[in-house]
Amino acid sequence: MSRLTLAPRIRYLLGRARRIDVGSVFERAKEASAQHHRPVPTIVADMLWSAARHNVGFQDYIDYDFAMLNRAERETYMTHPVSNQLSQKYDHPDFRWIFQDKIEFNRKCSPHLHREWMVVEEGNADEVRALTERLGTIVTKEPVGQAGTGVHRYHAADITDWTEFHRGLLDRGELLIEEVIRQHDDLAAVCPGTVNTTRITAFFDGEKAHILAMAQKFGRGAVSDQMTFGGFYTMLDENGHAVGAGYDSHGHVHETHPDSGFRIADFQLPYMDEVRAFIDQVARVVPQVQYVGWDVVVTPDGPVLVEGNWGAGVYENKPSVTGIRTGHKPRYREVIGF
């Protein structure tokens, strides 16, 4: 079993120390105090100790209800600092840029996208118009962005001046146009107005891709299902079934979807066998980037790729919502060996 080196951890901690927002820490501690009935000073001390000694981010502490967990239970949780160390060790720096640039990612992973796309350039206003009118609705993306930023949706029927529209895309840096993905009816039943993605965190060992954790994200009708657009998520078990209600990082819990009324704990991801095989396929495209958070959408014909995140981030179980007091770190350790 290999150990994660200290250098990335020290750099991460020093960076966090420089950026620490004391007021924010106390606000988070107040949230945890109100929910778990522990004194604020005790929680603040525990948060700082957990960050310095156990690689627990402040938001991790709140999101995963560390205030209600004992030490053994906490040890089962993946955290953002640990995930960052894995990214630094297993995602080769010479190949990370492919995942950071959405246009390059589409070029590299084109066979797995299963949708039309094009790049906005000087002089191709007619091509942009032709594609948009044929598709009816398009999604545009800025090549570099995260958490759903830089993603927009346009309807051909709303555009009156195509030259101006094309110029606006160039000026705003919305250089990637994509066809809207048609999701499976089981996903549309939860939220039809947003394409609901599945975040699948996986590790490619050079021979096989291993799924480490799966989170199903649901939107609220906006162009993206990210939390910045009001979205939330639930963890899925190894068979693709929701383990409980949905939640986000803002203290909102959703037993049912606020708009459709669908009971989140009843959700089952379709085509689970095909999803496993699909992740093994896409993980081989850039094998030098081994630890990836893949965003996938299951369509009526099977899974399609949205994007890959070399800084995989963390999606974890929330015990106060699901009643499950353990996380996914044992699975990560089993596969990666750290």
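As a reminder, the structure under discussion sits directly above these lines.
Residues numbered from 1 in each chain as written. Predicted model: local features only at pLDDT ≥ 70, side-chain atom pairs only at ≥ 80, totals over all residues. Heavy atoms only, no water.

Novice: Explain the overall build of the chain residue by residue, including any values.
Specialist: Helix and strand counts for the chain stand at 14 helices and 11 strands. Over its C-alpha trace the chain gives a radius of gyration of 21 Å, about what one expects of a compact globule, namely 20 Å for 338 residues. If one aligns the C-alpha atoms of the chain with their principal axes, the spans along those axes are about 60 × 45 × 40 Å. Here the chain holds 338 residues, and 52% of them are scored as buried. Residue pairs in contact within the chain that sit at least 24 positions apart in sequence constitute 63% of those at least 6 positions apart. (Helix = DSSP H or I, 4+ residues; strand = E, 2+ residues; numbered from the N terminus. Rg over C-alpha atoms; globule rule 2.2 N^0.38 Å. Buried < 20%, exposed > 50% of the residue type's maximum accessible area, 1.4 Å probe, protein only. Contact = heavy atoms within 4.5 Å.)

Novice: Which residues make up the sheet that holds strand β2 (residues 137-141), and what values go with them?
Specialist: The four strands lie next to each other as β1-β4-β2-β3, forming an open sheet whose pairing is antiparallel. The open sheet has two edge strands with one neighbour each: β1 (117-119) and β3 (151-155). On average, each strand axis in the sheet is tilted by 25 degrees relative to the strand beside it, whichever way the strands run. Alignment of β1 against strand β4 (residues 176-179), held across three bridges, turns out to be antiparallel. Paired with W117 across the two strands is E178, which belongs to β4. Each of β1, β2 and β4 is contacted by helix α8 (residues 102-109), which is oriented at about 135 degrees to β1, the strand it contacts most. Each of β2, β3 and β4 touches helix α10 (residues 162-172); the most contacted strand, β3, lies at about 180 degrees to it. (Pairing = 2+ DSSP bridges. Axes fitted to C-alpha atoms, helices over the stretch in contact; angles between N-to-C directions.)

Novice: Can you tell me about the environment of P270, naming the residues and giving the values?
Specialist: Counting through the fold element by element, P270 comes out in the loop between β9 (253-254) and α12 (272-282). C-alpha separation for the pair P270 and P300, spaced 30 residues apart in sequence, amounts to 8.9 Å. Not counting the four nearest positions on each side in its chain, P270 is found in contact with H184, D186, V275 and V298.

Novice: Kindly report on the nonpolar core, identifying the contributing residues and their values.
Specialist: Y61, M78, L86, Y291, Y332, I336 and F338 are the most contacted members of the largest nonpolar core, which totals 38 residues. Contributing elements (two or more residues each) for this core: α2 (22-36), α3 (40-54), α4 (58-63), α6 (80-90), β6 (209-218), β7 (232-236) and α14 (329-336). For this core, the leading source of residues is α3, giving four residues. Core analysis: the second largest hydrophobic core is formed by 34 residues, F204, A242, L269 and M272 among them. (Core = buried A, V, L, I, M, F, W, Y, C linked by side-chain atoms within 4.5 Å.)

Novice: Any details on the packing of helix α9 (residues 125-135) against α10? Residues and values, ideally.
Specialist: Contact geometry for α9 and α10: axes closest at 9 Å, N-to-C directions at 100 degrees. Considering their axes alone, α9 and α10 lie roughly perpendicular with respect to each other. Residues A125, V128, R129, T132 and E133 of α9 form the contact with α10, whose participating residues are W162, F165, H166 and L169. Of the residues in the contact of α9 with α10, the class split is five nonpolar, two polar and two charged. (Parallel < 35°, antiparallel > 145°, perpendicular 65-115°, else oblique. Nonpolar A, V, L, I, M, F, W, Y, C, P; charged D, E, K, R; others polar.)

Novice: Hey, could you go over α3 for me, with residue numbers and the actual values?
Specialist: Every α-helix carries 3.6 residues per turn, so stepping three or four residues along brings you back to the same face. Along its 15 residues, α3 runs 20 Å from first to last C-alpha, staying within 8% of the 21 Å computed at 1.5 Å per residue. If you check which residues of α3 are buried, you get I43, V44, D46, M47, S50 and A51. End-on view of α3: buried residues confined to an arc of 165 degrees, all on one side of the axis. Residues of α3 that are exposed and point more than 90 degrees away from the buried face comprise P41 and W49. (Expected span 1.5 Å × (residues − 1). Arc of directions from axis to C-beta.)

Novice: Explain the pattern of salt bridges to me, using residue names and the numbers behind them.
Specialist: Under the criterion given, the structure shown has 21 salt bridges. Ionic pairing is found between R38 and D46, a salt bridge with its closest N-O pair at 4.0 Å. On the accessibility criterion, R38 (25% relative accessible area) is partly exposed. A salt bridge links R284 to D280; the nearest nitrogen and oxygen atoms lie 2.9 Å apart. The class for R284 is partly exposed, based on a relative accessible area of 39%. Beyond isolated ion pairs, a larger network of salt bridges with shared partners links R38, D46 and R74. (Salt bridge = Lys/Arg side-chain N within 4 Å of Asp/Glu carboxyl O.)

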